[in-house]
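If you want the building blocks of each chain, they are given just below.
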Amino acid sequence: MSRKNWTREELILAINLYCKTPFGRLHNRNPDIIKLAKLIGRSPSAVAWKLVNFASLDPSLKRRGIKGAVNVSHLDREIWEEFYSDWDRLAYESEVLRAKRMGERIEVIAEIDAMELSRSGRDRKTLVKVRVNQNFFRATVLAAYEFRCCITGLAIPDLLNASHIVPWSKDEKNRVNPSNGLCLNAIHDRAFDRGLLTITSEYSVIVSPSIKRTSRGNDAVRHLLTRYDGKKIRLPRKFLPDQSFLEYHNKEIFKQ
């Protein structure tokens, strides 16, 4: 394939895939990279290299001392900053572009049931955008944690949730920001959501005193919850949890 400049649309699609790809799979043998390469008329190596370029712009990787490629273009940086500053808009735009390239309706790739759309009292476009962005958020957060619960290490995707640190209803701007997400199994997701445990800005698990009291004589509570009190979480390879979001959860949601 001949070398040609990347377009804005192609870069948005590439960032979309970067977000949803575990760090260790940014290579030209990855089937998802091969699929995107076919959609945009580029080689898998070119797409993989572009994703590695974006890794060099990822602030969470910089904090860990991981460097990506060095030949980042001005447009690469511009689109990355646009994406990073407005997750809600760009996540949806990237999924719409992906559906267009695939020749599918956005409702199809987002797996939104037609009956759900007809029954909902919400505006159709609003509902579709919410569902699309929820799916993007889940895919991005789970990929960042390599499909493992950050507390227990459980690696069964069907039992994992992308948990918002600052709740969906409380911060519209950061609803889709993966740094506002944690990969938690269903039990710990519910406990985190209800304030029965939190994670400090130093990434340690703290279990609510109310749970510790009920753990006396209850092996299940000890095994599932209190045994993790004070333990460090498994950090994601990308999109570290924002410490200010964790501090919000500690102060506003956690039950002391």
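Refer to the structure above for everything that follows.
Predicted, not measured: the structure shown is a model, and the values here were computed from it.

Undergrad: With reference to specific residues and values, describe the packing of helix H5 (residues 74-85) against helix H6 (residues 87-102).
TA: When two helices pack together, their arrangement is captured by the angle between the axes and the distance separating the axes. Where H5 contacts H6, the axes come no closer than 5 Å and their chain directions differ by 115°. Here H6 runs roughly perpendicular to H5, going by the angle between their axes. Contact residues: Glu82, Phe83, Tyr84 and Ser85 in H5; Trp87, Arg89, Leu90, Ala91 and Ser94 in H6.

Undergrad: Break down unusual backbone geometry for me, with residues and values.
TA: For Tyr203, which is not glycine, the phi dihedral falls at a positive 70°. Mapped onto the elements of the fold, Tyr203 is located in the loop between strand S3 (197-199) and strand S4 (205-207). Its identity is not glycine, yet Phe239 carries a phi of approximately 55°, on the positive side.

Undergrad: So what's going on with H6? Which residues, and what values?
TA: The end-to-end C-alpha distance of H6 is 22 Å, a good match for the 22 Å that 16 residues give at a rise of 1.5 Å each. If you check which residues of H6 are buried, you get Trp87, Leu90, Ala91, Tyr92, Ser94, Glu95, Leu97 and Ala99. Gly103 lies just past H6 and shows a positive phi near 75°.

Undergrad: So what's going on with the pattern of salt bridges? Which residues, and what values?
TA: Under the definition given, this model contains 15 salt bridges. Between Glu10 and Arg42 there is a salt bridge whose closest N-O contact spans 3.1 Å. Pair noted here: Glu10 is in helix H1 (residues 8-19) and Arg42 is in the loop between helix H2 (31-40) and helix H3 (44-55), with a separation of 32 residues, a long-range link. Neither Glu10 nor Arg42 differs from the other in exposure class; each is buried. When the shortest N-O distance is used, the salt bridge between Lys212 and Asp229 registers 3.0 Å. Of the two residues, Lys212 is situated in helix H11 (residues 209-214) and Asp229 in the loop between helix H12 (219-224) and helix H13 (243-252); the sequence distance between them amounts to 17 residues.

Undergrad: Help me get a handle on the pairing of strand S2 (residues 181-185), residues and values and all.
TA: Counting buried residues along S2, five of its five residues qualify, which places the element largely inside the surrounding structure. Residue alternation in S2 divides its side chains into two sets, Gly181, Cys183 and Asn185 and Leu182 and Leu184, and both sets are buried. Of the pairings in the sheet, the one linking strand S1 (residues 160-164) to S2 comprises five bridges and is antiparallel in character. Residue pairing in the sheet places Ala162 in a bridge with Cys183 of S2.

Undergrad: Can you tell me about the packing of aromatic side chains, naming the residues and giving the values?
TA: One pass over the full model with this rule turns up nine aromatic pairs. Here the aromatic rings of Tyr18 and Trp80 are separated by 5.8 Å at their centres, their planes lie at 70°, and the arrangement is edge-to-face. Residue Tyr18 is found in helix H1, and its partner Trp80 is found in helix H5; the two are separated by 62 residues along the sequence. Centroid distance Trp87 to Phe239: 5.7 Å. Interplanar angle 85°. Geometry classified as edge-to-face. Here Trp87 is found in helix H6, whereas its partner Phe239 is found in the loop between H12 and H13, with 152 residues between them in sequence. The class of Trp87 is buried, set by a relative accessible area of 3%.

Undergrad: An account of H13 is needed here, citing residue identities and associated values.
TA: Buried residues of H13: Phe245, Leu246, His249 and Asn250, and no others. What you see down the axis of H13 is that its buried residues fit within an arc of 145°, all on one side. Exposed and oriented more than 90 degrees from the buried face of H13 are Lys251 and Glu252. Against helix H10 (186-193) and S3 lie the buried residues of H13.

Undergrad: Residue-level account of the layout of surface pockets, with values.
TA: A probe as big as a water molecule, rolled over the atoms, marks out the empty space that is left. Looking at the largest pocket, its volume works out to about 710 Å³. In this structure, the largest pocket is lined by 28 residues; those nearest its centre are Lys20, Asp32, Glu95, Arg98 and Ala139. Broken down by secondary-structure element, the contributors of at least two residues to the lining of the largest pocket are H1, H2, H6 and helix H9 (124-144). Take the lining of the largest pocket: its biggest share by element is eight residues, from H9. In terms of residue class, the lining of the largest pocket is made up of 15 nonpolar, four polar and nine charged.

Conventions used here
Residues numbered from 1 in each chain as written. Predicted model: local features only at pLDDT ≥ 70, side-chain atom pairs only at ≥ 80, totals over all residues. Heavy atoms only, no water. Axes fitted to C-alpha atoms, helices over the stretch in contact; angles between N-to-C directions. Helix = DSSP H or I, 4+ residues; strand = E, 2+ residues; numbered from the N terminus. Parallel < 35°, antiparallel > 145°, perpendicular 65-115°, else oblique. Contact = heavy atoms within 4.5 Å. Expected span 1.5 Å × (residues − 1). Buried < 20%, exposed > 50% of the residue type's maximum accessible area, 1.4 Å probe, protein only. Salt bridge = Lys/Arg side-chain N within 4 Å of Asp/Glu carboxyl O. Pairing = 2+ DSSP bridges. Phe/Tyr/Trp six-rings, centres within 6.5 Å; stacked < 30°, edge-to-face > 60°. Arc of directions from axis to C-beta. 1 Å grid on protein atoms, 1.4 Å probe; cavity = no way out; pocket = protein on both sides within 12 Å on 5 of 7 lines; lining within 4 Å. Points joined across faces, edges and corners; volume = space filled by probe spheres on them. Nonpolar A, V, L, I, M, F, W, Y, C, P; charged D, E, K, R; others polar.

So far we have only geometry, and geometry alone does not tell us how the molecule works.
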